[in-house]
Amino acid sequence: MSYTSFNPPVRTLMGPGPSDVHPRVLTAMARPTIGHLDPAFIAMMEEIKALLQYAFQTSNALTIPISAPASAGMEACFVNLIEPGEKVVVCMNGVFGERMKENIERARGVPVMVEDSWGTPVDPNKLEDALRAHRDARIVAFVQAETSTGVQSDARKLTEIAHHHDCLTIVDAVTSLGGSPLKVDEWGLDAVYSCSQKCLSCVPGLSPVTFSNRAVEKIKKRKTKVQSWFFDLNLVMGYWGSGKRVYHHTAPINLLYGLHEALAMLQEEGLENSWARHRHQHLALRSGIEAMGLSLLVHESARLPQLNAIVVPEGVDEAVLRSRLLNEYNLEIGAGMGSLAGKIVRIGLMGYGANMKNVMYCLEALEAVLADMHAPILTGVAMNAAQSAAVLN
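Residues numbered from 1 in each chain as written. Predicted model: local features only at pLDDT ≥ 70, side-chain atom pairs only at ≥ 80, totals over all residues. Heavy atoms only, no water.

A. Broad picture of the packing of helix α5 (residues 124–133) against helix α6 (residues 155–164). The interhelical angle for the contact between α5 and α6, taken along N-to-C directions, is 15 degrees, at an axis separation of 10 Å. Judged by the inter-axis angle, α5 sits roughly parallel to α6. Crossing of α5 over α6 shows right-handed handedness. Facing α5, whose interface residues are P124, L127, E128 and L131, α6 presents K157, L158, I161 and A162. (Axes fitted to C-alpha atoms, helices over the stretch in contact; angles between N-to-C directions. Helix = DSSP H or I, 4+ residues; strand = E, 2+ residues; numbered from the N terminus. Parallel < 35°, antiparallel > 145°, perpendicular 65-115°, else oblique. Left-handed = near helix turned anticlockwise from the far one by under 90°. Contact = heavy atoms within 4.5 Å.)

B. Representation of helix α3 (residues 70–81). Here α3 is 12 residues long and its end C-alpha atoms lie 17 Å apart, about the 16 Å a rise of 1.5 Å per residue gives. Across the 12 residues that make up α3, a large majority, 10, are buried. Along α3, the positions that sit buried rather than exposed are A70, A72, G73, M74, A76, C77, F78, V79, N80 and L81. (Expected span 1.5 Å × (residues − 1). Buried < 20%, exposed > 50% of the residue type's maximum accessible area, 1.4 Å probe, protein only.)

C. Up close: the pattern of salt bridges. If you walk through the whole model with that rule in mind, you get 18 salt bridges. As a salt-bridge pair, D136 and K87 come within 3.2 Å of each other at their nearest N and O atoms. Taken as a pair, D136 in the loop between α5 and β5 (139–143) and K87 in strand β3 (residues 87–92) lie far apart in primary sequence, 49 residues in all. The class for K87 is buried, based on a relative accessible area of 19%. It is possible to trace a salt-bridge network through shared partners that takes in R24, R31, E261 and E268. (Salt bridge = Lys/Arg side-chain N within 4 Å of Asp/Glu carboxyl O.)

D. Region of interest: the side chain of K198. Tracing the backbone shows K198 in the loop between β9 (191–193) and β10 (207–211). Buried within the structure, K198 lacks any salt-bridge partner; its nearest side chain of opposite charge belongs to D172, at an N-O separation of 8.1 Å. There is a polar contact of 2.4 Å between the side chain of K198 and the backbone oxygen of P16. Apart from the residues lying within four places of it in its own chain, the contact partners of K198 are P16, G17, S19, T147, V174, T175, M350 and G351. (Lys, Arg positive; Asp, Glu negative; His and termini not counted. Polar contact = N/O pair within 3.5 Å; in protein donor to acceptor, adjacent residues only side chain to side chain.)

E. Looking closely at the environment of L307. Within the element layout of this structure, L307 appears in strand β11 (residues 307–311). We classify L307 as buried; its relative accessible area is 1%. Separated by 77 residues in sequence, L307 and F230 have C-alpha atoms that sit 32 Å apart. Among residues more than four places away in sequence, those in contact with L307 are G15, P16, T147, T149, G150, T175, R346, I347, G348 and M350.

F. A look at unusual backbone geometry. In this chain, G17 is followed by P18 through a cis amide linkage whose omega measures 5 degrees. Assignment of secondary structure puts P18 in the loop between β1 (12–13) and α1 (23–29).

G. Seen up close, the packing of aromatic side chains. Enumeration over the complete set of coordinates arrives at three aromatic pairs. The interplanar angle of 75 degrees and the centroid separation of 6.2 Å between the aromatic rings of Y239 and W240 together place this pair among those described as edge-to-face. (Phe/Tyr/Trp six-rings, centres within 6.5 Å; stacked < 30°, edge-to-face > 60°.)

H. View of the environment of K87. Between the alpha carbons of K87 and S196 there is a distance of 30 Å; along the sequence they are 109 residues apart. For K87, the residues in contact, after removing those within four places along its chain, are V110, V112, H134, D136, A137, R138 and I139. In this structure the side chain of K87 is engaged in a polar contact, spanning 3.3 Å, whose partner is the side chain of H134. A distance of 3.2 Å separates the side chain of K87 from the side chain of D136, its partner in a polar contact.

I. View of the pairing of strand β4 (residues 110–115). Relative to β4, β3 runs parallel, the two sharing six bridges. Within the sheet, the bridge partner assigned to V90 lies in β4 and is M113. Each parallel crossover has a hand, and for β3 linked through helix α4 (residues 95–106) to β4 it is right-handed. (Pairing = 2+ DSSP bridges. Right-handed = clockwise from strand over helix to strand, strands pointing away.)

J. Spotlight on the sheet that holds strand β14 (residues 344–348). Read across the sheet, three strands follow the order β11-β14-β13 without closing on themselves; strand pairing throughout is antiparallel. In this open sheet, the two edge strands, each paired with only one partner strand, are β11 and β13 (334–335). Where β11 lies against β14, five bridges are found, and the strand directions are antiparallel. Pairing of N308 across the sheet is with I347, part of β14. Strands β13 and β14 of the sheet are contacted by helix α12 (residues 318–329), whose axis makes an angle of about 30 degrees with β14.

K. View of the sheet that holds strand β8 (residues 168–172). Ordered in space as β2-β10-β9-β8-β5-β3-β4, the seven strands form an open sheet in which the pairing is mixed. Edge positions in the sheet fall to β2 (62–66) and β4, since each has one partner strand and no second. Strand-to-strand twist in this sheet, taken as the mean axis angle between neighbours without regard to direction, amounts to 15 degrees. Direction of pairing for β5 relative to β8: parallel, over a ladder of five bridges. Directly across from V140, in β8, lies its bridge partner T169.

L. Focus on the packing of α12 against helix α13 (residues 356–372). Two elements in contact, α12 and α13, have axes whose closest approach is 10 Å; the angle formed by their N-to-C orientations is 120 degrees. With respect to α13, the axis of α12 lies oblique. Viewed along their axes, α12 and α13 form a crossing whose handedness is right-handed. Seen from α12, the contacting residues are L321, R324, L325, E328 and Y329; seen from α13, they are Y361, A365, L366, A368, V369, L370 and D372.

Here it is as structure tokens:
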């Protein structure tokens, strides 16, 4: 069998990620590859660190992209900060809280679970109670923006509670970085991981992380070796640190070109402007969804603007709905996960894809397919409602 070049279909990506990649990022990635220890490349690495510090709103020296997807950034945080036998309180209100638990166990830590219903934010009072009951805990882990449900928790409040009990925090900001407020220094967050392919409008494959001085001190004073050689930040710091670079691994050079371009674009737009744009588009989409007669899973006070969980109408097979949107409209939206599988669909408004054109296209396609599936919706009103909301906001 012979093979030819792969030419992917042109899709509109409005799922939980990846999001549409900005053409400037794709162009940047096509530039000539140079060596990962080339002086020009090392100069660009320094710029990436500075740009990530801006995106995270931090002055943390250890602010770098891990050369792997966000799941690897998560693992890097857990394996570096947890030593065998250490107790870690995990706030779980969705799929990614469950993954935190798995990482703790693999790092031979002891997870203590604080559970909230899927689609609701982490309850600070439950965390307070758990830390009072487990005074030997040393780390609190939580998801700021739970991608599986579209709910955001109060990272600042949860961190205040953790620090009051002398705990470091590990924070999942995979879906929040660049899309909604995330202020690492102001809120005192200790270890935060994110991704390149959501609100930054870059391609998958990199995980921006940042570590406070307190977290770095804990890593440097470990009594045991980090269980992962690749993710051992004591080694990685030698490559991403200041001064002479020590070879650790061959960096994904062209991916980093793309991340640099994406971060430069975020700086050009202005971080607060990006946050406002994501919220503006969310309000337009929400108005159209609700005018159609559909509802959102998450209460308005805790909704994540860039990830909208829509309750599937009674009698509608969400897998068929998603399949038809993909095949008939080249529009990708996401399925529900875990206990919400089959009950919701997830519509992303992230990065370059958070624009009015996508909002209107999604509403038009969603209305057409749902009406053809005889769903109990109102037709002919969604797009006008979205347009009116866009003008008002």
